[in-house]
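Chains, contacts and geometry: an overview
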Amino acid sequence: MEADRAKRDFISSVSHELRTPLTSIKGYVDLLLLGAAGPLAEGQQSFLSVVKNNANRLMDLINDILEIGRIDANKIQLNFENVDMGAVLQDAQQTLRAEIERKQTHVSVDIEPDLPPIVADLRRVTQVVLNLVSNAVKYTYPGATVHLRAFQNPAGLLQIDVEDNGVGLSPEQQQHLFRRFYRADNPLRDEVGGTGLGLSIAKSFIELHSGEIWVQSELGKGSTFSFMLPLTQPETTDDAPTRLAD
Ligand code: ADP
């Protein structure tokens, strides 16, 4: 509809306009933290770290809103290539090292030997894995355990499991989980912060690959988020194929 498109365009241009000054704020805060304008007292350092964290959160929110706009406008263009999902799991663990260490989370990575590569959009599947693993760290208590697994399931699809022993989700909460802006009530919710957009974006990305994403969880015990992807994509050709969402 025309009105929907106008609204989408408006949100998208506002989000783009917000990104430019925020990039500048982040850059100058980083410079200050590096001591580029002189040494910092402890208090200044810690206040600036708070500014930096909040600027990062704002940037994540803006980027998520832009991505949702692209999803709604069917403008996501998948760039297919051969992807080693085992390497994606290991890279995610590396990217999230600071959070993992801060919470003293024990992360194990179990990759089936001889796992075949899949045809997928590396950036998008990496974003999904980062979302699931960072949630597993966020919604568990310090010292928790997170298991990452990559294997070919009995249906021949590539499956990823992200299992945690954290706050868990009730059956009722599980029903709303992949909805936009949904954040379940749990003891860690306010402390960890978040937009409630990550899982809805993850679901769209997985479905654009003709895959599936789901959760098994028990309140107070923990959750296992899983997704599975086909090994190949129907439209794949030999010369760096791309696909527009239909
Ligand atoms: P965010 O983490 O930014 O709030 P997400 O879309 O990634 O947004 O997740 C939506 C909600 O799902 C979270 O707010 C949380 O309530 C719940 N959730 C996600 N992952 C987990 C998990 N591993 N354990 C328990 N709850 C989770």
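To be clear, the structure that these remarks concern was listed above.
Residues numbered from 1 in each chain as written. Predicted model: local features only at pLDDT ≥ 70, side-chain atom pairs only at ≥ 80, totals over all residues. Heavy atoms only, no water.

1. What to know about the packing of helix H3 (residues 85-95) against helix H5 (residues 122-138)
Relative to each other, H3 and H5 sit at 55 degrees, their axes nearing to 10 Å. One finds that H3 runs oblique with respect to H5. The crossing of H3 and H5 is right-handed. Residues Met-85, Val-88, Leu-89, Ala-92 and Thr-95 of H3 form the contact with H5, whose own contacting residues are Leu-122, Val-125, Thr-126, Val-129 and Leu-130. The residue makeup of the contact of H3 with H5, split by class, is eight nonpolar, two polar and no charged. (Axes fitted to C-alpha atoms, helices over the stretch in contact; angles between N-to-C directions. Helix = DSSP H or I, 4+ residues; strand = E, 2+ residues; numbered from the N terminus. Parallel < 35°, antiparallel > 145°, perpendicular 65-115°, else oblique. Left-handed = near helix turned anticlockwise from the far one by under 90°. Contact = heavy atoms within 4.5 Å. Nonpolar A, V, L, I, M, F, W, Y, C, P; charged D, E, K, R; others polar.)

2. A word on the site of the ligand
Contacts to the ligand come from 21 residues, most closely from Asn-135, Asp-164, Arg-183, Thr-195 and Leu-199. Between Tyr-139 and the ligand, the recorded distance is 2.9 Å, taken from a side-chain N or O atom to an oxygen atom. A distance of 2.8 Å separates an oxygen atom of the ligand from a polar atom in the backbone of Thr-195. Here the ligand, which alone exposes 530 Å², has 98% of that area covered by the protein. Contributions of two or more residues to the shell around the ligand are made by H5, helix H8 (198-208) and strand E7 (222-229). Tallying contributions element by element places H5 first for the shell around the ligand, with four residues. (Near = heavy atom within 4 Å. Polar contact = N/O pair within 3.5 Å; in protein donor to acceptor, adjacent residues only side chain to side chain. Areas by Shrake-Rupley, 256 points an atom, 1.4 Å probe, with all protein chains shown as cover.)

3. Focus on the side chain of Lys-103
Within the secondary structure, Lys-103 sits in the loop between helix H4 (97-102) and strand E2 (106-111). One buried charged residue, Lys-103, remains without a salt bridge, the closest side chain of opposite sign being Glu-191 at 5.5 Å. Engagement of the side chain of Lys-103 in a polar contact is seen with the backbone oxygen of Val-137, the distance being 3.0 Å. If we ignore the near neighbours within four places in the chain, the residues touching Lys-103 are Val-137, Lys-138, Thr-140, Tyr-141, Pro-142 and Gly-143. (Buried < 20%, exposed > 50% of the residue type's maximum accessible area, 1.4 Å probe, protein only. Lys, Arg positive; Asp, Glu negative; His and termini not counted. Salt bridge = Lys/Arg side-chain N within 4 Å of Asp/Glu carboxyl O.)

4. Looking at the sheet that holds strand E6 (residues 212-218)
Strand order in the open sheet made by the five strands is E2-E4-E5-E7-E6, with mixed pairing throughout. The two strands at the open ends of the sheet, each matched to only one other strand, are E2 and E6. The sheet shows a mean angle of 10 degrees between the axes of neighbouring strands, taken without regard to direction. As paired elements, E2 and strand E4 (residues 145-152) share six bridges and run parallel to each other. Bridged to Ile-111 within E4 is Ala-150. In the packing of H5 onto the sheet, the strands contacted are E4, strand E5 (158-164), E6 and E7, and the crossing angle to E7 comes to about 170 degrees. (Pairing = 2+ DSSP bridges.)

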